Amino acid sequence: MQFQTKLFIGGEFVDAQDRGRIEVLNPHDNSVLAGVSEAPAADFRTGVAAASKAVRAGRDAPAADRGRLLLKLADAFEGRRPRS
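Residues numbered from 1 in each chain as written. Predicted model: local features only at pLDDT ≥ 70, side-chain atom pairs only at ≥ 80, totals over all residues. Heavy atoms only, no water.

(A) Up close: helix α2 (residues 63-80). For α2, which comprises 18 residues, the first-to-last C-alpha distance of 26 Å matches the rise-based estimate of 26 Å (1.5 Å per residue) to within 8%. Summarising burial for α2: zero of the 18 residues are buried, a small minority. (Helix = DSSP H or I, 4+ residues; strand = E, 2+ residues; numbered from the N terminus. Expected span 1.5 Å × (residues − 1). Buried < 20%, exposed > 50% of the residue type's maximum accessible area, 1.4 Å probe, protein only.)

(B) Highlighting unusual backbone geometry. With phi around 60°, R19 is a residue other than glycine that occupies positive phi space. The topology assignment puts R19 in the loop between β2 (12-14) and β3 (21-25). At N30, a position not held by glycine, the phi torsion is positive, near 65°. If you trace the backbone, N30 turns up in the loop between β3 and β4 (32-37).

(C) Layout of the packing of aromatic side chains. For the structure on display, the rule yields one aromatic pair. A centroid spacing of 4.8 Å and a plane angle of 55° characterise the contact between F8 and F13, whose relative ring orientation is tilted. With relative accessibility at 44%, the residue F13 sits in the partly exposed group. (Phe/Tyr/Trp six-rings, centres within 6.5 Å; stacked < 30°, edge-to-face > 60°.)

(D) Examining the pattern of salt bridges more closely. The tally for this structure, following the rule as stated, stands at three salt bridges. The residue D15 makes a salt bridge to R19 at a minimum N-O spacing of 2.9 Å. Using a relative accessible area of 33% as the deciding quantity, one classes D15 as partly exposed. Given a relative accessible area of 55%, R19 falls into the exposed group. As a salt-bridge pair, R59 and D60 come within 3.5 Å of each other at their nearest N and O atoms. Each member of the pair, R59 as well as D60, carries the same accessibility label: exposed. (Salt bridge = Lys/Arg side-chain N within 4 Å of Asp/Glu carboxyl O.)

This is the structure in structure tokens:
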């Protein structure tokens, strides 16, 4: 099984600035599942700045555009829903 191990900041996956890693353990046997990027203060601030920029862009977008994006998101969720 593959895991995404980078930070998601500003719409892309990036390594931690200091290359810090945290081991993720399997609770069953304590084996290492993956080493993921650690987000110290500098990465946290970068992420908050990127999120703030995205919120401003979304807030300033016309309502019709926001509605289309929400419908596209709903379609994506529907496409992933398990069929019974």
